[in-house]
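Per-entry structural report
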Amino acid sequence: MAKFVIHGRKPLKGEIEVSGAKNAALKIFPLALLTRGTIRVSNVPEIEDVSRSREMLTALNYEVKKIKKGIFEINPPTGGQKKFELPSNLVNKFRASIMFVGPMLASRGKVSFPHPGGCVIGAGTRPIDLFLDSFHKMGAKINAASNYYRLTAKKLKAADIFFSKISVTATESLMMTACFAQGETTLKNCALEPEIVSLAEFLNSCGAKIQGAGTATIKIKGIKKLRGGEYKIIPDRIEAGTFAMLAAASNSGPVLIKNCVPEHLEALWNLFDKIGVNYVLNKNSVKIGRSKKLLSCDVSTHEYPGFATDLQSPYTVLMTQTHGSSLIHETIYDRRLLFTDSLTQMGANIIMADPHRVVVNGPSKLHGRKLVSPDLRAGVALIIAALLAQGKTEIDNIYQIDRGYERLDERLRGLGADIKRLA
Ligand code: EPZ
C-alpha cells in the first residue's frame, strides 16, 4: 500500500497554488447526463474521486476526452444500449456517486444503484433519505431492498420540497433533477455553499431556469432540454483553508497561497483574528506570515458560511500548537473526531468529551509515528501534524488523501517540506 514518509520540523515558505474544487468538479460529470451537446470543463483537479466520476460516465457509454491537464470534453453516447444501472464497484468508492442518480432518473426514467460508499465520517453508512424522499415527492417509485435501490419515474412532476436537514449534495442533486420535472419546483432549507451557486450558474448557461441558488430557497422551472457548454471549476476553498492552517501552525513562513477566493473562507479569517495569525488577504491569494503568540480558540463546525466541517481536522491540529484550551465541536458528522487518537499518540493533549466534542490543550511537542489515514480530511490533518513533529512519520492508506488532493506531496515539497511518496 502506498504511503508517505515525512521528516518534520522543516521551515515552510514560498508559494503554493490551489487546485479546482473537488466538491464542484464531482457535480459536473453527472450533469452531462442531462445535456445534449459537448461539455468542456477546465481547472479540473486530477484526483482519485474525479477519476472515479469519469469512469462512471465512461461506463455509461459517454466519451470523456482529456484535452490537456485539467481540461476535459464530455460527449453523449452516439449509440449502444442505454444503461440504467450505476456500476457497484464505482458507487462503493465515493459518496458523490449519489450525484448520478437524479440526472439518470430525470433523463432516462429509471436507475438502480447500491448505497454509496466513500468517507466513513458519519455513524454507519451516510444516509440518503433526503434524496429518496424528494424523488418520491416528484413522483418516482422507490424500491429499496438490502442497501440496493431501484427508482422509476415515467415523468417527474414539480414539487415543494423542504429539506429536514441542510445537505449540499441533496440541494445540488434536486436542483439538477428538477430541471426536467414538469412545472416549477421549490426547494427550501437549502445549503448555501459557493459550489452550489457555481453549479446553478453553469446550468443556467446551458438553458436551465434556476433562481435563488446561494439562498435557502431555490426555484427551478422545468425545461425540455439542456445544451452543452463551457465551465471552469472554482478554486477549492477547503484546500486553500487547509494550506493556510498548515502555514499558521508551522509558523515559519511567509507562505503565499495563490489562486483562491478569500471571501469563501470568512469564517476561517474570523478565527485567525482571534488566534492572532499574521495574514494578509489579497484578491486571489492569501499571505501567511510569522505570528508572535498563537492563542487557542473554540470552534463549532456549521453549514456555509459558517466554519466548514471539512476544515475541522486541520484546525484541530493547529490547536495543538496554540497557547491555551480550545473546544472543538463537530456538529455535522459524528465520526470526524476519531482521528484525534492518532494526534494523542504523537504527543498532543486532547480529551474526547463525546463523539462531537474534544478539548485540545496546547502547545504540545509532537513526535513522528506510524499512522494510517482513516479518510480524506483526517489524512491531510495527519500530514500537517507530521510536518510539525520531531522525527519521522509514516502515513499509510494515502489513497484516501489522493481522493481529494492533487499531487499533494509534490506541492508541499515546493514549500520545503520533507515528504516522500513510497509506492
Ligand atoms: C458534501 O457532502 C461534501 N461532499 C462533503 O465533503 C462535506 O463534508 C459536506 O457536504 C458538508 O459540507 C461533496 O460535496 C461531494 P451533507 P454531503 O449531505 O452533501 C446528513 C469532503 O471531505 N444527511 O451536506 O454528502 C448527513 O449525514 C466531503 O470533501 C442526511 O441525514 O453532506 C450530514 O450529517 C466529506 N440525509 C448532514 O446531512 C441525507 O440524505 C450534511 O451532510 C443526506 C445528508
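All of the points below concern the structure found in this document.

What counts as what
- Note on numbering: residues in each chain are counted from 1, in written sequence order.
- For a predicted model such as this one, the threshold for reporting local features is a pLDDT of at least 70, and the threshold for listing and counting side-chain atom pairs is 80 or more; totals across whole chains, interfaces and linings nevertheless cover every residue.
- Note that the side-chain values use all heavy atoms of the structure and ignore hydrogens as well as water.
- Each helix is a run of DSSP H or I of at least 4 residues and each strand a run of E of at least 2, with the numbering of both proceeding from the N terminus.
- A radius of gyration in this sense is built from C-alpha atoms; the matching globule rule multiplies 2.2 Å by the number of residues raised to 0.38.
- Relative accessibility decides the category of a residue: with a 1.4 Å probe and only protein chains considered, values under 20% of the type maximum give buried, values over 50% give exposed, and everything between is partly exposed.
- In this analysis, two residues are considered to be in contact whenever any of their non-hydrogen atoms come within 4.5 Å of each other.
- Each patch is built from residues lacking any salt bridge and having more than 30% relative accessible area; the joining distance is 9 Å for like charges and 5 Å for nonpolar side chains (Val, Leu, Ile, Met, Phe, Trp, Tyr).
- Accessible surface area values rest on a Shrake-Rupley calculation with a 1.4 Å probe, where residue burial reflects the displayed protein chains alone.
- In what follows, salt bridge is the name for a side-chain nitrogen of Lys or Arg lying within 4 Å of a carboxyl oxygen of Asp or Glu.
- Positive charges come from Lys and Arg alone, negative charges from Asp and Glu alone, with His and the N- and C-terminal ends not counted.
- Charged groups are reduced to one reference atom each: NZ for lysine, CZ for arginine, CG for aspartic acid, CD for glutamic acid.
- The near set for a molecule or strand comprises every residue that places at least one heavy atom within 4 Å of it.
- For the purposes of these results, a polar contact is taken to be a pair of N or O atoms within 3.5 Å, where, inside protein, one atom must be able to donate a hydrogen and its partner to accept one; residues adjacent in sequence count only when each atom of the pair is a side-chain atom.
- Throughout this entry, Asp, Glu, Lys and Arg are counted as charged residues, while Ala, Val, Leu, Ile, Met, Phe, Trp, Tyr, Cys and Pro are counted as nonpolar. The remaining residues, Gly among them, count as polar.
- For each structure, a 1 Å grid was placed over the protein atoms alone; sets of points admitting a 1.4 Å probe that cannot get out are labelled cavities, open sets with protein on both sides within 12 Å along at least five of seven lines are labelled pockets, and lining residues have an atom within 4 Å of a point.
- Grid points are joined across faces, edges and corners, and a volume is the space filled by probe spheres set on the points.
- Strands are labelled as partners when DSSP assigns at least two bridges between them.
- Fitting a line to C-alpha atoms yields each axis, with helices limited to the stretch in contact; the angle taken between N-to-C directions then spans 0 to 180 degrees.
- Sulfur atoms of two cysteines make up a disulfide when they are within 2.5 Å.
- Roughly parallel means an angle under 35 degrees; roughly antiparallel, over 145; roughly perpendicular, 65 to 115; everything else is oblique.
- The handedness criterion is simple: a crossing whose near helix is rotated anticlockwise from the far helix by less than a right angle is left-handed, and one whose near helix is rotated clockwise is right-handed.

1. Digging into the overall build of the protein chain
Counting secondary structure elements, the protein chain contains 14 helices and 23 strands. Since a compact globule built from 423 residues should have a radius of gyration of about 22 Å, the 22 Å found for the protein chain is in line with a globular shape. The principal-axis extents of the C-alpha atoms in the protein chain amount to approximately 60 × 40 × 40 Å. Relative to its 423 residues, the protein chain shows a buried fraction of 58%. Pairs at least 24 residues apart make up 71% of the contacts formed inside the protein chain by residues separated by at least 6 positions.

2. Quick notes on the environment of N284
Take N284: it is sitting in the loop between β15 (279-281) and β16 (285-288). Classification of N284 by relative accessible area gives partly exposed; the value is 42%. Taking the C-alpha atoms as reference points, N284 and C119, separated by 165 residues in sequence, lie 30 Å from one another.

3. Description of a positive patch on the surface
The grouping of R36, K209, K225 and R227 at the surface amounts to a positive patch. Mapped onto the elements, K225 comes out in the loop between β12 (217-221) and β13 (226-232).

4. Quick look at the site of the ligand
Of all residues adjacent to the ligand, which total 24 residues, the nearest are D129, S167, T169, D310 and R377. Here P127 contributes a backbone N or O atom positioned 3.4 Å from an oxygen atom of the ligand. D129 is positioned with one of its side-chain polar atoms (N or O) 2.7 Å from a nitrogen atom of the ligand. Starting from 820 Å² of accessible surface for the ligand in isolation, the protein chains cover 91%. Elements with a minimum of two residues in the shell around the ligand: α1 (22-31), α5 (129-137), α6 (168-177) and α12 (376-388). Among the residues making up the shell around the ligand, the classes are represented as eleven nonpolar, four polar and nine charged.

5. A closer look at empty space enclosed by the protein
On inspection of all chains with the given rule, the structure shows one cavity of 30 Å³ or more. Taken as a whole, the largest cavity holds about 40 Å³ of empty space. What lines the largest cavity is simply T242, F243, L246, V380, I383, I384, L408 and L412. For the lining of the largest cavity, the secondary structure elements donating two or more residues are α8 (237-250), α12 and α14 (408-413). Residue classes in the lining of the largest cavity are distributed as seven nonpolar, one polar and no charged.

6. Focus: the layout of surface pockets
By volume, the largest pocket amounts to about 1100 Å³. Along the wall of the largest pocket there are 44 residues; nearest its centre are R126, S167, V168, I332 and Y333. Secondary-structure elements contributing two or more residues to the lining of the largest pocket are α1, α5, α6, α8 and α12. Of the residues contributing to the lining of the largest pocket, the split by class is 18 nonpolar, ten polar and 16 charged.

7. Considerations on the sheet that holds strand β6 (residues 110-114)
Spatial strand order, β6-β8-β7: three strands in an open sheet with antiparallel pairing. In the strand order of this sheet, the two ends are held by β6 and β7 (141-145), each with one partner. Averaged over all pairs of adjacent strands, the angle between strand axes in this sheet comes to 10°, irrespective of strand direction. Looking at chain direction, β7 and strand β8 (residues 148-152) are connected through five bridges and run antiparallel.

8. Considering the state of the cysteines
Summed over all chains, the structure comprises zero disulfides. Free of any disulfide, C190 has its nearest cysteine sulfur in C179, 13 Å distant. Residue classification places C190 among the buried positions, given a relative accessible area of 3%.

9. What to know about the packing of α5 against α6
If you want to describe how two helices pack, look at the angle between their axes and the distance between the axes. The geometry of α5 relative to α6 is characterised by a closest axis approach of 9 Å and an angle of 25° between their N-to-C directions. Comparing their axes, α6 and α5 come out roughly parallel. Crossing geometry of α5 relative to α6 is assigned as right-handed. In this structure, α5 contributes L130, F131, S134 and F135 to the contact, and α6 contributes T169, A170, S173, L174 and T177.

10. Considering helix α9 (residues 266-275)
Listing the buried residues of α9 in full gives A267, L268, W269, L271, F272 and I275. Buried residues along α9 sit against α8, β15, β16, β17 (299-300) and α10 (312-318). Just downstream of α9, G276 is the residue with a positive phi angle, here 95°.

11. Looking at unusual backbone geometry
A cis amide bond, omega 10°, links G253 with the succeeding residue P254. Structurally, P254 is set in the loop between α8 and β14 (255-258). A cis amide bond, omega 5°, links Y304 with the succeeding residue P305. Position of P305 among the secondary structure elements: in the loop between β17 and α10. With phi around 70°, N61 is a residue other than glycine that occupies positive phi space. Its place among the elements puts N61 in the loop between α2 (48-59) and β4 (63-68). Given the relative accessible area of 29%, N61 is considered partly exposed. One non-glycine residue, N259, adopts positive backbone phi at about 60°. Note that N259 resides in the loop between β14 and α9. For N259, a relative accessible area of 30% gives the class partly exposed.

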